[in-house]
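What the coordinates show
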Amino acid sequence: MDKNSDSWRGAVFYQIYPRSFLDTNGDGIGDLPGVTKKLEYVASIGVDGVWLSPFFKSPMRDFGYDVSDYLDVDPIFGTLADFDRLLARAHELGLKVIIDQVLSHTSDLHPWFVESRQSRTGARADWYVWAEAKPDGTPPNNWQSIFSGPSWTWDMQRRQYYLHNFLPSQPALIVRDPEVQSALLDVCRFWLDRGVDGFRLDAVNHAMCDPELRDNPLRCETPGPAQFAKPHDFQKVVHNISHPDVIPFLEKLRRLTDQYGDRFMVAEVGGAQPLSDMLAYTEGTKRLHTAYSFDFLEAETLTPDVVRQFVAPWLKAENLASWPAWAFSNHDRPRAISRFSHNETADPKLGKLLLTLLIALRGNSFIYQGEELGLPQGHVPFDRLTDPEAISNWPVTLGRDGTRTPMPWVAKAVQGGFSDGEPWLPLDPEQVKYAVDGQGAEPKSLLHFTRALLKTRRQLPDLIDGDMQFLDEDQDPILTFRRGDVLCRFNLSAEPVESLPQTGDVLFDVNGGFGGGVAKPYAAEWRRGWR
């Protein structure tokens with residue numbers, strides 16, 4: 001990834017959720033030394049870099065996405081020296097390291113908020129979104145938290161409401177304020193000076209809201225009792241998200257990171273209609289490098305129409321100056337192999353298909369830890385849940401615990417080799433069957449497949465930054481597109497289906513491929529010289 005080129009385009013990143021990766025001190029929580037210990041394994045997969053989820057000081061009410069000190073490591077993960085060793089080892093192995101930056105909100109224990117709530121006239125009094133109550137004492141408007149309930153909490157010290165788009169313990173910053181922007185840029189500068197290769201910007205379209213605090217309109221006038229799961233779903237979320245003033249701040253971030261040369265930034269963009277934000281945030285060379293949304297992360301089925309719906313807008317001529325990123329699984333949503341198999345037994349063939357499709361799409365790719373193993377969603381009983389969203393919405397939504405269960409390293413070891421102690425989340429016995437040691441010893445495993453897949457892709461520049469066009473040679477459930485001169489075909493079905501014969505050389509085939517005019521279940525192939 002070079003500042004003066006587009007070589008960051010098409011890079012593949014491996015997301016590490018440190019709490020669940022490897023515990024080295026027996027407290028049941030993964031840590032930075034554990035990440036460092038396994039970086040050689042990560043490099044062996046063939047990825048270009050690592051996205052490291054939050055490890056900053058935090059009360060952990062939202063497991064690190066509620067930061068109480070941006071400039072230090074939480075003791076459960078280690079120390080700044082541990083982070084420096086992790087970064088140095090990653091660079092020795094040729095891996096880039098990007099870290100989360102949570103710039104739209106802090107913990108309510110962050111010194112900035114502690115000071116802000118003490119007085120309406122202090123130095124940081126206006127660093128957060130404060131508002132007067134309505135005459136009847138109710139919140140200033142109808143905004144609803146993503147985690148359920150009003151987005152406003154009354155503070156007895158200031159006698160005002162403060163805004164939180166997530167938990168009440170995550171007060172929203174006023175990022176449009178120049179002093180707040182300066183402080184956040186200093187945070188990013190601190191980590192850039194330490195040598196990080198860039199940032200994943202959490203919930204960045206929540207960084208600014210409507211300064212007039214206008215009510216959100218209703219999604220429909222007469223919703224049915226089961227139409228929406230949470231109060232947040234009843235609204236068209238337009239005034240507390242995606243304000244245009246976010247873009248100049250992103251341009252400031254880009255100017256800062258460009259001063260450090262070879263750096264990379266990716267935005268997480270949520271909301272009901274994320275595409276316009278993603279396109280705007282990544283347009284040209286003065287904003288972010290790329291962005292991803294929850295499109296594939298929340299999809300319950302995978303069909304050619306679904307893929308076209310999410311990807312096709314990025315292929316329009318007017319949008320080619322923007323660049324997407326794609327993730328099928330992450331720490332926030334149920335694992336794709338379980339979602340797309342409808343929670344039946346995770347089929348390794350489906351795992352191979354998903355990875356082949358993910359890295360063939362035009363854009364950057366993010367592989368979540370365990371995805372290279374075909375790790376299914378973990379079962380976590382109610383009494384072991386830790387995720388506040390899961391607990392408050394049980395059992396309508398499964399929450400995030402099942403995708404955050406510990407990484408299984410050694411099938412026959414205590415706790416799957418993750419820890420000598422009791423893990424913070426239980427390791428599902430079904431997941432132990434997918435342990436790294438067993439797959440490493442089996443040449444036909446999904447792990448070995450992933451290594452071969454990424455090695456092949458590195459040899460095919462068209463699959464890294466080539467153009468993309470959907471083709472209509474076959475019909476549903478077969479998806480066909482080209483990347484430059486490479487033809488990519490996928491049978492998105494668990495059943496064999498007839499397919500049109502193709503010419504050219506097969507560069508890589510998956511699950512039996514497309515031979516003899518029949519696409520095998522979950523088959524995929526890359527061809528060159530086709531016509």
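Quick look at the structure, then. (Residues numbered from 1 in each chain as written. Predicted model: local features only at pLDDT ≥ 70, side-chain atom pairs only at ≥ 80, totals over all residues. Heavy atoms only, no water.)

**Here we look at empty space enclosed by the protein**
Our working definition: Only protein atoms enter the 1 Å grid used here. Points where a 1.4 Å probe fits but cannot escape make up a cavity, open sets with protein on both sides within 12 Å along at least five of seven lines make up a pocket, and a residue lines them when an atom lies within 4 Å of a point. Grid points are joined across faces, edges and corners, and a volume is the space filled by probe spheres set on the points. Under the scheme used here, helices are H or I runs from DSSP no shorter than 4 residues and strands are E runs no shorter than 2 residues, and both carry numbers assigned from the N terminus. Charged residues are taken to be Asp, Glu, Lys and Arg, nonpolar residues to be Ala, Val, Leu, Ile, Met, Phe, Trp, Tyr, Cys and Pro, and polar residues to be all remaining types, Gly included.
Across all of its chains, the model carries 2 cavities of 30 Å³ or more by this definition. By volume, the largest cavity is sized at about 80 Å³. In this structure, the largest cavity is lined by S329, R335, A336, I337, G351, L354, L355, G370, E371, G374 and L375. Every element with two or more residues in the lining of the largest cavity is listed here: α10 (336–339) and α11 (348–360). In terms of residue count, the dominant contributor to the lining of the largest cavity is α11 (3 residues). Looking at side-chain class alone, the lining of the largest cavity contains 5 nonpolar, 4 polar and 2 charged residues. Roughly 30 Å³ of internal volume is contained in the second largest cavity.

**Some words on the sheet that holds strand β15 (residues 478–483)**
This is how it is decided: Paired strands are those between which DSSP finds at least two bridges. Here the axes come from fitting lines to C-alpha atoms, over the contacting stretch only for helices, and the angles between their N-to-C directions go from 0 to 180 degrees. Whether two residues touch is decided by their heavy atoms; if any such pair falls within 4.5 Å, the residues are in contact.
Reading across from one edge, β14-β15-β16-β20-β18 is the order of the 5 strands in this open sheet, with antiparallel pairing throughout. Edge positions in the sheet fall to β14 (468–470) and β18 (505–510), since each has one partner strand and no second. Between one strand and the next, the sheet's axes are offset by a mean angle of 20°, whatever the strand orientation. The strands that helix α9 (residues 304–311) touches are β14 and β15; relative to β14, the one it contacts most, it runs at about 140°. Across the face of the sheet, α11 comes into contact with β15, β16 (486–491), β18 and β20 (524–528) while running at roughly 145° to β16.

**Some thoughts on unusual backbone geometry**
Each neighbour pair has its own omega, and for D476 with P477 the value is 15°, a cis peptide bond. Tracing the backbone through its elements, the reader meets P477 in the loop between β14 and β15. Positive phi values are uncommon outside glycine, yet A203 reaches one of about 45°. Within the secondary structure, A203 is located in the loop between β9 (198–201) and α6 (246–258).

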